[in-house]
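# Examining the three-dimensional arrangement
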Amino acid sequence: MGTMPIDALRERFDARCEAGARLVVSAPTGSGKSTRLPLWMADALGGLVLVVEPRRVAARALAGFVASLDGSAVGERVGYRVRFDAATSDATQILFVTPGMALSMLAGDGGLNVAGVLVDEFHERSWEIDLITALAHAGRFGEAAALVVCSATLEVEALAARLGAEHLEGTGRSYDVAVEFDGDGGPRSDDLAPRVAAAVAQATRRDDGDVLVFVPGKREISDCSSALAGTGMRVVPLHGGLPPGAMAEALRPAKERRVFVSTNVAETSLTIPSITVVIDTGLVRRRVHRGGKAVLAVVPISGASAEQRRGRAGRVQDGTCIRLWSSAFALEPATPPELERCELDDVLLRAGMCGVQPADVAALPWVTAPPGFALEGALARLRSAGAVDVEGRLTDVGRAQARLPVSSVSARLLADAPAAVRGTMCEVVALVEVGRDLLEANPSGSQAEARAVLFDGAVDEVDVGLRCLRTGRARVHGLRGRTLEECRRLAASLRRTLGVEGDAVASRADLVQAVLRAAPDLAFLRRARADKKASRRAEMGEPWGNGVVELMVRPYQVPHVQDPPRPARAGAVLEREWLGMGQRARGVGRLVLRCKTADLLAAGLGEVEVEAPKVVRSNRKARVVGRCVKTFAGVELDAGEMPLEGAALRDALVALILRGTLLKGVAAPMLDGLHAWSLLHEAASRTRLSMPPPPEDAHTHLASRLDTLGVAELGDLELLEADDVIPDPVSMAIEAGLDPRDATSLPKELPRRLEIPGGRYACVVSLAARSVELHPVEGTKKEPAVGLLPRFRGFSVTFVKASRRQRLR
């Protein structure tokens, strides 16, 4: 075993690594932290050490390398466990895991009791990494478990203080890397591919090593790879979605010169020793908060990330880092934690399964506490979905959802699915969770013909995906083999988790109803205005809405079949994402499960408005009917006159009472009483006396009174007295400690309505501002004659009509 720079810390580390220890280890990239520290911890602690790595590729690769250092095979003393893959045994003492797997193990029956937890690459600050660190610090992995947090770049003093930890700093070994800047202003994504190609050409004229280009994502990898195709170098794409075999092949030493085009997977998780030139676009795709939403945006990297990327060029000799932005542009020092940039539904569910109730998550010993508004929003959404109760504790529904290794929305679909639909729902969720297109872009002629047979009769993108999943063949149908296999493995895993047996396929109608009922917020309708922008459909998509948010959805046509169905106009949008567009956020939707407006009605979606309620008498029995209009996202789904019941009947009774049709003679004194209540409340507040606030309006007051009095049908009104609904200002004044004479004098001097020759006016009174506004009603058009106005206690008087305001006195 050769020496590594981190070895200089061994003696100090051994002296401090004991049960319950808290250590922060910092050292440059390539110093040996990820390979040495697990072995040291296992030797010092004598029990199972959980090594948390942000990425699957790193967990597998490091397990193999550390096992070779230990002289054992993977799965013996050193093992790993990632999604769909594991190599472990009873003898395993060092276990490399991804963050999601660590949380799943902790949430399992009996929890998890380990000797130590090593959190690697902490500076990436995913929400899972932060949650694991907080749970470990709180003793959830075992009261005596040691916690070691390490990274190449950290604000270590603040971190160590937050954890009550000791900081151990190691040294690195790297060559000089010269930094050059090539750009105006900050990092930007416009013309990225040609700018990258120019920078690569410039660097390769004076350097003969391999080149590493950092770009935000796979789309930019594709664009830049195409632009670099004529350089004479082999272009090698690198991203976390590559299969292990392809990744290993890409990183093997080669005789020809190569240019690696990579996401930030090569920033820390992968080491490529042959790199002598780094081209850094300075960009990363990550979630940020904009306009109250967690959006996926391309943003500048942090200064810490820039240094990580620069260091990749100095592993074997002096190197060069070309940054495609101006030296005058200041990057933020460190990457903001994902907890500050994402919706926290999954955080609360995972914490709940790990023994911390969602309402108590804020009290965990976070390195960086999640924002209060984001926690409140997540709790509200989970309450609405039935996942937590009013006290913020996981319900049986929430526990069922949290046990599933999928997002909270997908978990809702699975946990609430009827037995007959559950197997098919597992396949649908697999398509959503993998989130990548199954179809290759350019099929051969025979593959297109095979697709035409496979997709015959398909109605939407979900239908196409399910057919690929069930009977598709990668080579025959031109499908992406690895993506197809990942979907199938996830679907099978979910079926086992839910205990689904057999291969029964749910009917389309049952599937649609199950999705709409489990996740009604996924239901959307195509906006009518989309017809006015037909020419822009291909590029921008069409606007779809659900009454709360709007998404841009590209029309989908089933490929390779004759006479495909027309694009959907309604459906459940299974994939939604918010993209940053400057300072705005744009919602984008795909994977639409097509449905009809009748499906929305059958699922109970939409809001009911009652128009023109009236009392109808027949066969000596009276009932209230009205024209009921059911709308969804502003679109009328159904309408018709029908008898009213429930909340609709109560609202109709309120309207009929206020109109004077029912309980005649009650409306006017009730409105006067509410006006007096409002004046008395303001008077009490000004003298610091306590009085219940008046209701927002007469409708709210009357609806509340009818509910309190148990009025459930028209006949119940016969049992009411006027005093049951008319407020008593005198009693309220006495109870509040006001002079009871104010209950009559205030409304008399500052009335609710003013009727004088030439007009009728509603009065809006403010005691604090000593003002009265007069609003014309019942056909009155002109301002009143000043000489006819009452004294109004000497208050200022203003005539208000629409936007016109005229001071009268």
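So, a few notes on the structure that sits alongside this text. (Residues numbered from 1 in each chain as written. Predicted model: local features only at pLDDT ≥ 70, side-chain atom pairs only at ≥ 80, totals over all residues. Heavy atoms only, no water.)

Secondary structure summary: the protein chain contains 28 helices and 29 strands in total. Summarising its shape, the C-alpha atoms of the protein chain cover approximately 100 × 65 × 55 Å along the three principal directions. Burial statistics for the protein chain: of 809 residues in total, 49% are counted as buried. Of all intrachain contacts in the protein chain linking residues separated by at least 6 positions in sequence, the fraction that spans at least 24 positions is 67%. Both charge centroids of the protein chain, one from 104 positive and one from 101 negative side chains, sit 5 Å from each other. (Helix = DSSP H or I, 4+ residues; strand = E, 2+ residues; numbered from the N terminus. Buried < 20%, exposed > 50% of the residue type's maximum accessible area, 1.4 Å probe, protein only. Contact = heavy atoms within 4.5 Å. Lys, Arg positive; Asp, Glu negative; His and termini not counted. Charge placed at Lys NZ, Arg CZ, Asp CG, Glu CD.)

In terms of nonpolar packing, the biggest core is built from 56 residues, with Met-425, Phe-455, Leu-574 and Leu-600 touching the most fellow members. Secondary structure elements with two or more residues in this core: helix H15 (408-415), helix H16 (419-434), helix H18 (461-471), helix H20 (481-498), helix H21 (508-518), strand S17 (523-526), strand S20 (570-581) and strand S21 (584-594). Element by element, the count of residues in this core is highest for H16, at nine residues. Apart from the residues within four sequence positions on either side, Leu-574 is in contact with Val-428, Val-432, Val-462, Val-515, Leu-522, Arg-590, Leu-591 and Leu-593. Ranked by size, the runner-up nonpolar core spans 54 residues in total, among them Leu-95, Met-101, Ala-378 and Ala-402. (Core = buried A, V, L, I, M, F, W, Y, C linked by side-chain atoms within 4.5 Å.)

Along the polypeptide, Lys-801 turns up in strand S28 (residues 796-801). A residue is classified by how much of its surface remains accessible, and Lys-801, at 34% relative accessible area, is partly exposed. Along the primary structure Lys-801 and Lys-781 are separated by 20 residues, whereas in three dimensions their C-alpha atoms are 8.4 Å apart. Look past the residues within four positions of Lys-801 in its chain and what remains in contact with it is Pro-776 and Lys-781. Among the polar contacts made by the side chain of Lys-801, one reaches the main-chain carbonyl oxygen of Lys-781 at a distance of 3.3 Å. (Polar contact = N/O pair within 3.5 Å; in protein donor to acceptor, adjacent residues only side chain to side chain.)

Turning next to the pattern of salt bridges. Counted under the stated rule, the structure contains 48 salt bridges. Linking Glu-542 and Arg-526 is a salt bridge whose minimum nitrogen-to-oxygen distance equals 2.8 Å. With Glu-542 in strand S18 (residues 542-545) and Arg-526 in strand S17, this pair connects stretches of sequence that are 16 residues apart. Using a relative accessible area of 9% as the deciding quantity, one classes Arg-526 as buried. Salt bridges sharing common partners tie together Arg-10, Asp-14, Asp-43, Asp-70 and Arg-77. (Salt bridge = Lys/Arg side-chain N within 4 Å of Asp/Glu carboxyl O.)

A few words on the sheet that holds strand S9 (residues 177-181). With parallel pairing, the six strands of this open sheet are ordered in space as S9-S16-S13-S10-S12-S11. On the outer flanks of this sheet lie S9 and strand S11 (234-238), each paired with one strand and no other. Taking each pair of neighbouring strands and ignoring which way they run, the sheet shows an average axis angle of 20 degrees. Looking at chain direction, strand S10 (residues 210-214) and strand S12 (residues 258-262) are connected through four bridges and run parallel. By the bridge assignment for S12, Phe-214 is matched with Ser-262. (Pairing = 2+ DSSP bridges. Axes fitted to C-alpha atoms, helices over the stretch in contact; angles between N-to-C directions.)

A surface patch of like charges, here positive, comprises Arg-686, Arg-770, Arg-791 and Arg-809. Mapped onto the elements of the fold, Arg-809 is located in the segment after strand S29 (804-807). (Patch = residues over 30% accessible without salt bridge, like charges linked within 9 Å, V, L, I, M, F, W, Y side chains within 5 Å. Areas by Shrake-Rupley, 256 points an atom, 1.4 Å probe, with all protein chains shown as cover.)

Moving on, we get to the pairing of S28. Of all six residues in S28, five are buried; the element is thus mostly enclosed. Sheet topology note: the strand S27 (residues 771-776)/S28 ladder contains four bridges and is parallel. Bridging across to S28, Glu-773 finds its partner in Thr-798. As judged from the four bridges shared by S28 and S29, these two strands associate in the antiparallel manner. Paired with Lys-801 across the strands is Arg-804, a residue of S29.

Counted by the stated rule, this structure contains three aromatic pairs. Where Phe-181 meets Trp-325, the ring centres are 6.2 Å apart and the plane angle is 75 degrees; that geometry is what we call edge-to-face. Placement of Phe-181 in strand S9 and of Trp-325 in the loop between strand S16 (319-323) and helix H12 (345-353) is noted, with a sequence separation of 144 residues between them. Using a relative accessible area of 37% as the deciding quantity, one classes Phe-181 as partly exposed. (Phe/Tyr/Trp six-rings, centres within 6.5 Å; stacked < 30°, edge-to-face > 60°.)

Once that is clear, we can look at the sheet that holds S29. Strand order across the open sheet formed by five strands is S25-S26-S27-S28-S29, with mixed pairing between neighbours. Looking at which strands have only one partner, the edges of the open sheet turn out to be strand S25 (753-756) and S29. Strand-to-strand twist across the sheet, computed as the mean angle between neighbouring axes with direction ignored, equals 30 degrees.

Okay, the packing of helix H24 (residues 646-659) against helix H26 (residues 698-708) next. Where H24 meets H26, the closest approach of the two axes is 10 Å, and the angle between their N-to-C directions is 120 degrees. Put simply, H24 runs oblique to H26. The chirality of how H24 crosses H26 is right-handed. Counting all contacts with H24, which are made through Arg-650, Asp-651, Leu-653, Val-654, Ile-657 and Leu-658, the residues of H26 involved are Ala-698, His-699, Leu-702, Ala-703, Leu-706 and Asp-707. Partitioning the contact of H24 with H26 into residue classes produces eight nonpolar, one polar and three charged. (Parallel < 35°, antiparallel > 145°, perpendicular 65-115°, else oblique. Left-handed = near helix turned anticlockwise from the far one by under 90°. Nonpolar A, V, L, I, M, F, W, Y, C, P; charged D, E, K, R; others polar.)

Helix-helix packing is described using two parameters, namely the angle between the two axes and the distance between the axes. As a packed pair, H16 and H21 sit with axes 10 Å apart at the nearest point and diverge in direction by 70 degrees. One finds that H16 runs roughly perpendicular with respect to H21. Of the residues in H21, those touching H16 at Val-421, Thr-424, Met-425 and Val-428 are Asp-510, Leu-511, Ala-514 and Val-515. Class assignment for the residues of the contact of H16 with H21 results in six nonpolar, one polar and one charged.

With that out of the way, let us pick up unusual backbone geometry. The backbone of Glu-121 shows a phi angle near 50 degrees, a positive value even though the residue is not glycine. Relative to the helices and strands, Glu-121 is located in the loop between strand S6 (116-119) and helix H5 (127-137). Residues other than glycine seldom take positive phi values, yet Ala-612 does so here, at roughly 50 degrees. Tracing the backbone through its elements, the reader meets Ala-612 in strand S22 (residues 607-618). What makes Ala-612 exposed here is its relative accessible area of 58%.

Turning next to the environment of Ala-145. Its location among the elements puts Ala-145 in the loop between H5 and strand S7 (146-151). Taking relative accessible area as the criterion, Ala-145 reaches 3% and is therefore assigned buried. Sequence-wise, Ala-145 and Arg-480 are 335 residues apart; in three dimensions their C-alpha atoms are separated by 43 Å. Among all residues touching Ala-145, those that are not within four sequence positions of it are Gly-20, Arg-22, Val-114, Ala-115 and Gly-116.

Here we take up the pairing of strand S2 (residues 49-52). Burial of S2 is two-sided: the residues Val-49 and Val-51 facing one way and the residues Leu-50 and Val-52 facing the other way are all buried. Here S2 runs beside strand S5 (residues 94-97); their pairing, made up of four bridges, is parallel. Looking at S5, one finds that Val-51 is bridged to Phe-96. For S2 and S6, the ladder comprises four bridges, and the chain directions are parallel. Directly across from Val-51, in S6, lies its bridge partner Leu-118.

On to the environment of Trp-544. Residue placement: Trp-544 occurs in strand S18. For the pair Trp-544 and Val-786, spaced 242 residues apart in the sequence, the C-alpha separation amounts to 53 Å.

The next thing to look at is the side chain of Thr-98. By the secondary structure assignment, Thr-98 is in the loop between S5 and helix H4 (99-107). Assessed through its relative accessible area of 10%, Thr-98 is described here as buried. Look past the residues within four positions of Thr-98 in its chain and what remains in contact with it is Val-52, Glu-53, Arg-55, Arg-56, Arg-81 and Val-82.

In short, the description is geometric, and any link to function would need to be established separately.
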